[in-house]
Amino acid sequence: MHDIATEAWSPLGQGKGLLDEPVLAQVASRHGRTPAQVVLRWHLQLGNVVIPKSVTPSRIAENLAVFDFTLDDEDMAALSTLDTGARIGPDPATFAWMG
């Protein structure tokens, strides 16, 4: 193992519809959380480093309140179905690195 940490880049989808997914709303409702909190918790349970961007104090506090609940296997499986393979940012396989 190489002990490489992966970061969830733009984990909340930059406001492009991720947080409106019905599956996400259902999981959030069961846990009494917001969709954003569920997404962040999902990433943490996968072992990803998560650094969500916000300048709004209430959202920053909300983003930090993800360490006192756990998603079960059913939640994790339901959320994994949301992966469409779409990208918001550049694809590392085709990104033109300066060299």
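One structure accompanies this document, and this report is about it.

### Notes on the pattern of salt bridges
Thought 1: One pass over the structure, following the stated rule, counts two salt bridges.
Thought 2: D75 is the partner of R30 in a salt bridge, and the nearest nitrogen-oxygen pair spans 2.7 Å. With R30 in helix α1 (residues 22–31) and D75 in helix α4 (residues 73–80), this pair connects stretches of sequence that are 45 residues apart.
Thought 3: Since its relative accessible area comes to 51%, R30 is described here as exposed.
Thought 4: In this structure, R33 and D68 form a salt bridge, with 2.8 Å as the shortest nitrogen-oxygen distance. Within this pair, whereas R33 is found in the loop between α1 and α2 (35–46), its partner D68 is found in the loop between α3 (57–64) and α4, the two being separated by 35 residues in sequence.

### Thoughts on unusual backbone geometry
Thought 1: For D3, which is not glycine, the phi torsion reads 55° and is therefore positive.
Thought 2: With respect to the helices, strands and loops of the structure, D3 is situated in the segment before β1 (7–8).
Thought 3: Judged by relative accessible area, which is 70%, D3 ranks as exposed.

### Some words on the packing of α2 against α4
Thought 1: Contact geometry for α2 and α4: axes closest at 11 Å, N-to-C directions at 105°. When the axes of α2 and α4 are compared, the pair comes out roughly perpendicular. In this structure, α2 uses V38, W42, Q45 and L46 to contact α4, whose residues at the interface are M76, L79 and S80.
Thought 2: Class assignment for the residues of the contact of α2 with α4 results in five nonpolar, two polar and no charged.

Criteria and thresholds
Residues numbered from 1 in each chain as written. Predicted model: local features only at pLDDT ≥ 70, side-chain atom pairs only at ≥ 80, totals over all residues. Heavy atoms only, no water. Salt bridge = Lys/Arg side-chain N within 4 Å of Asp/Glu carboxyl O. Helix = DSSP H or I, 4+ residues; strand = E, 2+ residues; numbered from the N terminus. Buried < 20%, exposed > 50% of the residue type's maximum accessible area, 1.4 Å probe, protein only. Axes fitted to C-alpha atoms, helices over the stretch in contact; angles between N-to-C directions. Parallel < 35°, antiparallel > 145°, perpendicular 65-115°, else oblique. Contact = heavy atoms within 4.5 Å. Nonpolar A, V, L, I, M, F, W, Y, C, P; charged D, E, K, R; others polar.

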